[in-house]
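# Examining the three-dimensional arrangement
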Amino acid sequence: MIAFPSPAESVWHLGPLPIRAYSLLMVLAVLVGLWLTQRRWDARGGEPGAVGEIATWAVPFGIAGARIYHVATDWPQYFGPGRELWRVLAVWEGGISIWGAVAGGALGAWLACRRRGVPLRDFADAVAPGLAFGQAIARWGNWFNQELYGRPTTLPWAVEIDPEHRPPDLKDTATYHPAFLYESLWNLGVAGLVLWAERRFRLERGRTFALYVAAYSSGRAWIEWLRVDPAPIVLGLRFNVWVSLLAFGAAAGYLAATRSRAEPVRG
């Protein structure tokens, strides 16, 4: 059977210091996102220094929001008999949520934008493709941690999962859909779509960010549907599928309500 393997290691030690692939990819994702946001902000004539100041609020709020959302929606993994409460803080082991990151980051950015006098919608438009590129990078941390994969499959691009990381009822099944890869590729497509649409249409005052949310959530819904890791089920669907559908509806509604602003760029 053709499949690609998972990494044998996800942690390397530099003396007593553990170097975790998951953490390195998260840092790289943040740096790439900030670099692109800064370039876009400068190209739009944004206020100098605003991106760095807003980031000092948005990034930690986003990390906290990502972890809080994950723990709240997967609480049996952290609370109850035999569980170690301190693992709530063990972000390096994996377990963050993009929806929590977006919500927490948006709160931090809103607070910083108010302090700085910067319109939040303008900043959100500048950051949108950087978010998608950052997500595309960060998803590979799940490959190193052998987590968040999809259902069993024998497709040529299946990913091999070691027995200790497989679901309890699938211990004898070695290959699965690489959901992390699907989402990474989808995010690259979302970033490309956003950049193209900005050149083709006049997207402003939050429309660029709304397009990012609509495009990302439409992909996240079907990728989430593939996954086999434990998750709350609501009306027969994983909770994050519903979140994705609601986010898509809200973003699509905003785009529809402001469609008169999306005039084609001429010349």
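Scroll up to find the structure.
Below or above, wherever it landed, is the structure these notes cover.

Rules and cut-offs
Residues numbered from 1 in each chain as written. Predicted model: local features only at pLDDT ≥ 70, side-chain atom pairs only at ≥ 80, totals over all residues. Heavy atoms only, no water. Helix = DSSP H or I, 4+ residues; strand = E, 2+ residues; numbered from the N terminus. Rg over C-alpha atoms; globule rule 2.2 N^0.38 Å. Buried < 20%, exposed > 50% of the residue type's maximum accessible area, 1.4 Å probe, protein only. Contact = heavy atoms within 4.5 Å. Patch = residues over 30% accessible without salt bridge, like charges linked within 9 Å, V, L, I, M, F, W, Y side chains within 5 Å. Areas by Shrake-Rupley, 256 points an atom, 1.4 Å probe, with all protein chains shown as cover. Salt bridge = Lys/Arg side-chain N within 4 Å of Asp/Glu carboxyl O. Polar contact = N/O pair within 3.5 Å; in protein donor to acceptor, adjacent residues only side chain to side chain. Axes fitted to C-alpha atoms, helices over the stretch in contact; angles between N-to-C directions. Parallel < 35°, antiparallel > 145°, perpendicular 65-115°, else oblique. Left-handed = near helix turned anticlockwise from the far one by under 90°. Nonpolar A, V, L, I, M, F, W, Y, C, P; charged D, E, K, R; others polar. Pairing = 2+ DSSP bridges. Phe/Tyr/Trp six-rings, centres within 6.5 Å; stacked < 30°, edge-to-face > 60°. Lys NZ or Arg CZ within 6 Å of the ring centre and 35° of its normal.

## Focus on the overall build of the protein chain
A count of helices and strands for the protein chain gives eight helices and six strands. Each helix and strand of the protein chain, ordered N terminal to C terminal, gives the series β-β-α-α-α-α-α-β-β-α-α-β-β-α. Over its C-alpha atoms the protein chain spans a radius of gyration of 19 Å, differing by no more than 12% from the 18 Å that the globule rule assigns to 267 residues. Counting every position in the protein chain, which comprises 267 residues, the buried fraction comes to 44%. For the protein chain, the proportion of contacts with a sequence separation of at least 24, taken over those separated by at least 6, is 72%.

## Some details on a nonpolar patch on the surface
Judged by side-chain polarity, Phe61, Leu107, Trp110 and Leu120 come together as a nonpolar surface patch covering roughly 320 Å² of accessible area. Relative to the elements of secondary structure, Leu120 occurs in helix H4 (residues 120-138).

## Some words on the side chain of Arg238
Inspection of the secondary structure puts Arg238 in strand E6 (residues 237-238). At 3.5 Å, the side chain of Arg238 and the backbone oxygen of Arg227 are in polar contact. Beyond its immediate sequence surroundings of up to four residues, Arg238 is in contact with Glu224, Arg227, Val228, Asp229, Ala231, Pro232 and Ile233.

## Regarding the packing of helix H3 (residues 98-116) against helix H7 (residues 207-226)
With their axes 12 Å apart at the nearest point, H3 and H7 run at an angle of 165° to one another. Considering their axes alone, H3 and H7 lie roughly antiparallel with respect to each other. In terms of crossing hand, the pair formed by H3 and H7 is left-handed. Of H7, the residues touching H3 (which contributes Ile98, Trp99 and Val102) are Phe209, Tyr212, Tyr216, Ser217 and Arg220. Grouping the amino acids of the contact of H3 with H7 by side-chain chemistry returns six nonpolar, one polar and one charged.

## A short note on the pairing of strand E2 (residues 17-20)
In terms of strand pairing, strand E1 (residues 11-14) meets E2 through four bridges, oriented antiparallel. Residue pairing in the sheet places Leu14 in a bridge with Leu17 of E2.

## Some thoughts on the packing of aromatic side chains
Remark: the centre distance and the inter-plane angle together describe each pair of aromatic rings, the angle taken between the planes. With the rule as written, the count across this model stands at 17 aromatic pairs. Pairing Tyr69 with Phe239 gives two aromatic rings, centres 6.4 Å apart and planes at 35°, and the pair type is tilted. With Tyr69 in helix H2 (residues 50-73) and Phe239 in helix H8 (residues 239-257), this pair connects stretches of sequence that are 170 residues apart. Ring centres of Trp140 and Phe180 lie 5.1 Å apart, and the angle between their planes is 75°; on these two criteria the pair is classed as edge-to-face. Pair noted here: Trp140 is in helix H5 (residues 140-145) and Phe180 is in helix H6 (residues 179-200), with a separation of 40 residues, a long-range link. Among the aromatic residues, ring-to-ring pairing joins Phe4, Trp12, Trp140, Trp143, Phe144 and Phe180 into one connected group. It is Arg151 that lies over the ring of Trp225; its NZ or CZ is 3.9 Å from the centre.

What is shown is where atoms sit, not what they do.
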